[in-house]
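Listed below, chain by chain, are the residues.
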Amino acid sequence: GSKVKVVGGDVTIRASANKSSDKLGFIAEGNTAAYLGKSSTDSRGVKWYKIKYDGVTGWISSRYSKIV
């Protein structure tokens, strides 16, 4: 399966694919999470990736991550 690598600083894991949804956790820059094969674009045009990291399933912004 694909992975998502965090770049450009630590990233917040969100409950939904938008900046205002609940925070579920953080991933430090340089770490990778499992990519669950889904992405979504929010109202600002920012793409989000559905991931699983350290037992937490949620969404992270493509502004701070890339599929590897």
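Residues numbered from 1 in each chain as written. Predicted model: local features only at pLDDT ≥ 70, side-chain atom pairs only at ≥ 80, totals over all residues. Heavy atoms only, no water.

Student: What should I look at first to understand unusual backbone geometry in this one?
Tutor: Trans is the prevailing form of peptide bonds, just as negative phi is the prevailing case for residues other than glycine. The phi torsion at Asp-54 lies on the positive side, around 55°, for a residue other than glycine. Residue placement: Asp-54 occurs in the loop between β5 (47–53) and β6 (56–61). (Helix = DSSP H or I, 4+ residues; strand = E, 2+ residues; numbered from the N terminus.)

Student: Whenever I open this one, the packing of aromatic side chains confuses me. Can you help?
Tutor: Where two aromatic rings form a pair, the distance of their centres and the angle of their planes describe that pair. In the structure shown here, the tally under the stated rule is 1 aromatic pair. An angle of 85° between the planes, with centres 5.7 Å apart, marks the rings of Tyr-35 and Tyr-49 as edge-to-face. Linking Tyr-35 in strand β4 (residues 32–41) with Tyr-49 in strand β5, this pair joins segments that are 14 residues apart in sequence. The same class applies to Tyr-35 and to Tyr-49, which are both buried. (Phe/Tyr/Trp six-rings, centres within 6.5 Å; stacked < 30°, edge-to-face > 60°. Buried < 20%, exposed > 50% of the residue type's maximum accessible area, 1.4 Å probe, protein only.)

Student: Please explain the side chain of Ser-21 as it appears in this structure.
Tutor: Its location among the elements puts Ser-21 in the loop between β2 (11–14) and β3 (23–27). With sequence-adjacent residues up to four places away left out, Ser-21 is seen in contact with Arg-14, Ala-15 and Ser-16. (Contact = heavy atoms within 4.5 Å.)

Student: Just checking my understanding: could you explain the pairing of β5 for this structure?
Tutor: It is a general feature of regular strands that their side chains alternate between the two faces of the sheet. Of the strand pairs in this sheet, β4 and β5 are connected by 5 bridges, and their pairing is antiparallel. Residue pairing for β5: Ser-40 is matched across the bridge by Trp-48. What sits between the antiparallel neighbours β4 and β5 is a turn of 5 residues, in which Gly-45 has the positive phi angle 85°. Taking the residues between adjacent antiparallel strands as the criterion, β5 and β6 are bridged by 2 residues, where Asp-54 takes a positive phi near 55°. (Pairing = 2+ DSSP bridges.)

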